[in-house]
Amino acid sequence: MPHLDGLRVVSSSIHGYGVLATRAFQRGELVCHGDGVLYRAGDKFDDTYALVLPGEDSGLGDTIFWDLVDQTRWFNHSCEPNTEVQARWDAERHTVIAWWVAVRDIAPGDEITYDYSFVADVAEPCRCGAPSCRGLIVDPDPQELARLAAHLRPLLRAALLAS
């Protein structure tokens, strides 16, 4: 796995492995690009570390998965993330281009995080520890929250249930 400049994989207090910044990143700065392997919706693979591009954004007409194969696969979720992932289909290269941008200043030693915003069907308990933690790794859109399984609803923070 090639080294990504300014980042180091460590044991994380959020979950399993994580990635720490070894240098400062300023708000709006590119943190890194992510490398991956392209899969289509019907392919058999472990999608644990995959970014999902819906059909209208994929360039292929159906949902595709960009299975991360570098240190970006260890970026953990946070309800108050310090980066945002961007991804687009590159028609010329017939692949996905993915990159992370700092949404606030990141100091050396900060864990790199982004909001996974899972759809309700794959929501899971959140351990990010952020003051505004939603309690679940789920897209906070009211329509997604309405689709949550009954056994997960009690894990949502009160502020989300009121919306």
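Residues numbered from 1 in each chain as written. Predicted model: local features only at pLDDT ≥ 70, side-chain atom pairs only at ≥ 80, totals over all residues. Heavy atoms only, no water.

### Description of the layout of surface pockets
Remark: the empty space left among the atoms is shown by a probe the size of a water molecule rolled over them.
Here's step 1: Computed from the structure, the largest pocket encloses a volume of approximately 1100 Å³.
Here's step 2: Lining the largest pocket are 41 residues, and of these Thr48, Ala50, Tyr114, Tyr116 and Phe118 sit closest to its centre.
Here's step 3: At the level of secondary structure, the elements contributing two or more residues to the lining of the largest pocket comprise strand 5 (50-53), strand 6 (64-68), strand 7 (76-77), strand 8 (83-90) and strand 11 (124-125).
Here's step 4: Split by residue class, the lining of the largest pocket holds 24 nonpolar, nine polar and eight charged. (1 Å grid on protein atoms, 1.4 Å probe; cavity = no way out; pocket = protein on both sides within 12 Å on 5 of 7 lines; lining within 4 Å. Points joined across faces, edges and corners; volume = space filled by probe spheres on them. Helix = DSSP H or I, 4+ residues; strand = E, 2+ residues; numbered from the N terminus. Nonpolar A, V, L, I, M, F, W, Y, C, P; charged D, E, K, R; others polar.)

### Considering the confidence of the model for the chain
Here's step 1: Of the residues in the chain, 93% have a pLDDT of 70 or more, and the chain-wide mean is 89.
Here's step 2: Ranking the elements of the chain by mean pLDDT puts helix 3 (residues 158-162) last, at 55, and strand 10 (residues 113-114) first, at 97. (pLDDT = per-residue confidence, 0-100.)

### Topic: the environment of phenylalanine 25
Here's step 1: Locating phenylalanine 25 in the fold gives a position in the loop between strand 2 (17-21) and strand 3 (30-34).
Here's step 2: Sequence spacing of phenylalanine 25 and arginine 40 is 15 residues, and the spatial spacing of their C-alpha atoms is 34 Å.
Here's step 3: Leave out the neighbours within four places in its chain, and phenylalanine 25 touches Asp5, Gly6, Leu7, Leu30, Val31, Ala102, Arg104, Asp105 and Ile106. (Contact = heavy atoms within 4.5 Å.)

### What to know about the packing of aromatic side chains
For any pair of aromatic rings, the description rests on two quantities: the centre-to-centre distance and the angle between the ring planes.
Here's step 1: For the coordinates displayed, the defined rule picks out seven aromatic pairs.
Here's step 2: Grouping aromatic residues by their ring pairs yields a cluster made of Phe75, Trp100, Tyr114, Tyr116 and Phe118.
Here's step 3: One Lys or Arg, arginine 73, reaches over the ring of tryptophan 74 and ends 5.5 Å from the middle of that ring. (Phe/Tyr/Trp six-rings, centres within 6.5 Å; stacked < 30°, edge-to-face > 60°. Lys NZ or Arg CZ within 6 Å of the ring centre and 35° of its normal.)

### Observations regarding the pattern of salt bridges
Two side chains carrying opposite charge are able to pair once their charged atoms lie near each other.
Here's step 1: Applying the stated criterion across every chain, the model contains six salt bridges.
Here's step 2: Close ionic contact of aspartate 62 with arginine 40 constitutes a salt bridge, the shortest N to O distance being 3.0 Å. One end of the pair, aspartate 62, is in the loop between helix 1 (55-58) and strand 6; the other, arginine 40, is in strand 4 (residues 36-40), and 22 residues separate them in sequence.
Here's step 3: For aspartate 62, a relative accessible area of 28% puts it in the partly exposed group.
Here's step 4: The shortest N-O distance in the salt bridge between aspartate 115 and arginine 134 comes to 2.7 Å. One end of the pair, aspartate 115, is in the loop between strand 10 and strand 11; the other, arginine 134, is in the loop between strand 11 and strand 12 (136-137), with 19 residues separating them in the sequence.
Here's step 5: By relative accessible area, which is 23% here, aspartate 115 ends up partly exposed. (Salt bridge = Lys/Arg side-chain N within 4 Å of Asp/Glu carboxyl O. Buried < 20%, exposed > 50% of the residue type's maximum accessible area, 1.4 Å probe, protein only.)

### Details of the sheet that holds strand 5
Here's step 1: A sheet is described by the order of its strands in space; here three strands give the open sequence 4-6-5, paired in antiparallel fashion. This sheet does not close on itself; its edge strands, each paired only once, are strand 4 and strand 5. Sheet twist, expressed as the average angle between the axes of neighbouring strands with direction ignored, equals 25°.
Here's step 2: Sheet topology note: the strand 5/strand 6 ladder contains four bridges and is antiparallel. Residue valine 52 lies in a different strand from strand 6, and its bridge partner there is phenylalanine 65. (Pairing = 2+ DSSP bridges. Axes fitted to C-alpha atoms, helices over the stretch in contact; angles between N-to-C directions.)

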